[in-house]
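Read off the chains here:
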Amino acid sequence: MSGTLYLVATPIGNLGDFSPRAVETLEAVDFIAAEDTRVSVKLLNHFQIKKPLVSYHEHNHAAAGQAILQRLLAGESCALVTDAGTPAISDPGEDLVRLCAENGVEVLSIPGCCAAVNALAVSGLPTGRFTFEGFLTVNKKSRRERLDSLKNEERTMIFHEAPHKLRATLEDLRETFGPDRRVALCRELTKLHEETVRTTLGEAAAYYQDNAPKGEYVLVVAGCPPRETAAVTLEEGTEQVLRLMAQGSRLKDAAREVSAHTGLSKNELYAAALERS
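Overview of the structure.

## A few points about the sheet that holds strand S5 (residues 106–110)
Here five strands make up an open sheet; going across it, the order is S3-S2-S4-S1-S5 and the pairing parallel. Bordering the open sheet on either side are strand S3 (53–55) and S5, each of which pairs with just one other strand. Strand-to-strand, the axes of this sheet are offset by a mean angle of 25°, without reference to chain direction. Against the sheet, helix H4 (residues 93–102) makes contact with strand S1 (4–8), strand S4 (78–81) and S5, and its axis sits at roughly 155° relative to S1, the strand it touches most.

## Concerning the sheet that holds strand S10 (residues 217–221)
Read from one edge of the open sheet, five strands run S6-S7-S10-S8-S9, paired in mixed fashion. One side of each edge strand has no neighbouring strand; the edge strands of this open sheet are strand S6 (130–135) and strand S9 (195–200). Put simply, the sheet's adjacent strands are angled 20° from each other on average, direction ignored. Bridge count for S6 against strand S7 (residues 156–161) is five bridges, and the pairing is parallel. Along S7, the bridge assignment pairs Phe130 with Thr156. Those strands touched by helix H7 (residues 166–177) are S7, strand S8 (182–187) and S10, and its axis lies near 5° from that of S10.

## Comments concerning the side chain of Thr82
Looking at the secondary structure, you find Thr82 in the loop between S4 and H4. Owing to a relative accessible area of 6%, Thr82 belongs among the buried residues under this scheme. Within the local environment of Thr82, its side chain forms a polar contact with the backbone oxygen of Gly85, the two atoms lying 3.4 Å apart. Residues contacting Thr82, with those up to four places away along its chain left out, are Thr10, Glu35, Pro87 and Asp91.

Conventions and cut-offs
- Residues numbered from 1 in each chain as written.
- Predicted model: local features only at pLDDT ≥ 70, side-chain atom pairs only at ≥ 80, totals over all residues.
- Heavy atoms only, no water.
- Pairing = 2+ DSSP bridges.
- Helix = DSSP H or I, 4+ residues; strand = E, 2+ residues; numbered from the N terminus.
- Axes fitted to C-alpha atoms, helices over the stretch in contact; angles between N-to-C directions.
- Contact = heavy atoms within 4.5 Å.
- Buried < 20%, exposed > 50% of the residue type's maximum accessible area, 1.4 Å probe, protein only.
- Polar contact = N/O pair within 3.5 Å; in protein donor to acceptor, adjacent residues only side chain to side chain.

The following block contains the structure:
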């Protein structure tokens, strides 16, 4: 019988956020797969946990994932941890989860910190629908294409950014979404110098041109305001039906087409156009 892979969320700054269940899980598993063993060993030492560590990260996940899978299939249990936050979210851990799913290995999540959700919660922006965009690529062409694809995104958008790239990112966001778009800049979440600044992209870009960014940032950007569509009257819809008929469409087909993109009743369009034809 195969073992279990546990996805154990780790603190993003404050060790007090590590749950008793997370500690119990690390104490119970056979081994721990860590993004950076040097970082994880500090966490383990703080909670006096002694377990074998193996490395699993972006640059070795293909080979390391297979090795971990074989141990799981042999009946061992493993806890997957990242340096900070929830494994498998914008993280190569998703490949290990997929591998386990394809091979019938049980995967359980031990919930905890997630910087994106924490930032969204304190942003003051709509939280009902959101999209997590993670880190933007440094390639200018790909970066521009990705931001352009989000121009009409109505959901709140969440980005991660390092301090040395924040200025360039804010400039790109301002240029894409406009200077008046609202943004919350969440810095050093759960840490000593935690700060959330709620402003606009224009004001944020101007501020950080004169002030050096410090710490890791989560940027929460308001979505595009819903586009208002002008209501089409029955008379205007009927004119559209008649134009389609003049171009060779049958009345029934023209009424159905106009109804589909205006929301007007197909039967009412049909009757009104019939009366005028």
